[in-house]
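Working through the structure, step by step
Listed below, chain by chain, are the residues.
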Amino acid sequence: MNELQILPLLLGTPAGLTVRVMDECDSTNSRLKREADRLPADSVLIARRQTGGRGRLGRSFFSPEGTGLYMSLLLRPDFPAEDLPLVTPAAAVAVCRAVESVYGVETKIKWVNDVYARGKKICGILTEAVFAPTGALSHAVLGIGVNVSPPPGGFPEDIAPVAGAVLPAPAPETLPSLAAAILSEFYNLYSALPETDLYSAYAPRLLYVGQYINVLRGDSTRRALVLGTDTRCRLLVRYPDGEREALSGGEITVRPAEDKS
Ligand code: BTN
């Protein structure tokens, strides 16, 4: 995969968007954050493999070469920081649409940042905001990791019960099309934030509606019934005591509380 295979496939992305593809990187999110002061908005960094791929909540993201797409975008939003939580759901919808159009594989979203196909997690999204000393939003780095095919030796034991791939067999030649489709779909949504109707695209893909899940907060876990999402893609839940809540961040699981995968 190289830049020249991706650029001609982009549709409706910003004129200033640049794409850089590296062989190896610790983490494309970490690298873009380190370089942010000297890079323009909409700089995209893709690594063929990551040696220290990062997920949410301090977890690692397994990033071997040839089987996945590891991509980060430097964003300088023109909307207020309070609307930043819309970036991750927009990216999740973009990944779903891209995977469906490039591979014809149906996808679902596990709130708030995981994309599933065939019952397994095929993509994780990590949005990191950086604030100026004044407290104003400086920029955000949006990282997207997609497992396109199973790694040759299989997924590491700790993530194997949850992790899956879009395709059953290697298809490295499809990575440029996937990257371009995600970028095109993402900017289509992002350029219209915060007003755009993200809900109509996000809600139908949401997993676990009508089911009980665990809401994890620090060391505490609470069972809750998933009711759906609101227009800001917050997860609407009802606890057994009748209390309702709109979750704007955090972690849910349908697995035993101690398994936070
Ligand atoms: C998660 O599953 O919690 C989020 C995973 C995000 C992985 C992507 S891969 C590209 C970018 N670089 C990183 O180190 N992380 C993100």
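Residues numbered from 1 in each chain as written. Predicted model: local features only at pLDDT ≥ 70, side-chain atom pairs only at ≥ 80, totals over all residues. Heavy atoms only, no water.

1. A closer look at the nonpolar core
Grouped together as the largest cluster of nonpolar side chains are 72 residues, with contacts concentrated most on M71, I144, V146 and F186. Looking at which domains feed residues into this core, each of domain 1 (3-204) and domain 2 (207-260) supplies at least three. Ignoring any residue separated from it by four or fewer positions in sequence, one finds I144 in contact with L69, Y70, M71, A91, V95, C123, G124, I125 and I182. Residues M22, L32, A36 and A47 belong to the second largest nonpolar core, which totals eight residues. (Core = buried A, V, L, I, M, F, W, Y, C linked by side-chain atoms within 4.5 Å. Buried < 20%, exposed > 50% of the residue type's maximum accessible area, 1.4 Å probe, protein only. Domains from an automatic or database assignment. Contact = heavy atoms within 4.5 Å.)

2. Things to note about the packing of aromatic side chains
This model, assessed by the stated rule, comprises six aromatic pairs. Taking 6.5 Å as the distance between ring centres and 65 degrees as the angle between the ring planes, the aromatic pair formed by F62 and F155 counts as edge-to-face. Pair noted here: F62 is in the loop between β2 (43-50) and β3 (68-75) and F155 is in the loop between β7 (137-147) and α4 (175-190), with a separation of 93 residues, a long-range link. For F62, a relative accessible area of 31% gives the class partly exposed. For F155, a relative accessible area of 17% gives the class buried. Note on F186 and Y187: the rings are 5.4 Å apart at their centroids and 75 degrees apart in plane angle, and the pair reads as edge-to-face. A connected cluster of aromatic rings, assembled from ring pairs, spans F79, F186, Y187 and Y190. Sitting above the plane of the Y239 ring, R222 keeps its charged end 3.7 Å from the centroid. (Phe/Tyr/Trp six-rings, centres within 6.5 Å; stacked < 30°, edge-to-face > 60°. Helix = DSSP H or I, 4+ residues; strand = E, 2+ residues; numbered from the N terminus. Lys NZ or Arg CZ within 6 Å of the ring centre and 35° of its normal.)

3. Details of the sheet that holds strand β11 (residues 244-247)
Ordered by their spatial adjacency, five strands build an open sheet running β11-β10-β9-β8-β12, and the pairing between neighbours is antiparallel. Pairing within the sheet leaves two strands with one partner each, and these edge strands are β11 and β12 (251-253). Pairwise comparison of adjacent strand axes, ignoring direction, gives a mean angle of 45 degrees for this sheet. (Pairing = 2+ DSSP bridges. Axes fitted to C-alpha atoms, helices over the stretch in contact; angles between N-to-C directions.)

Remember, this is a structural readout, not a statement about activity or role.
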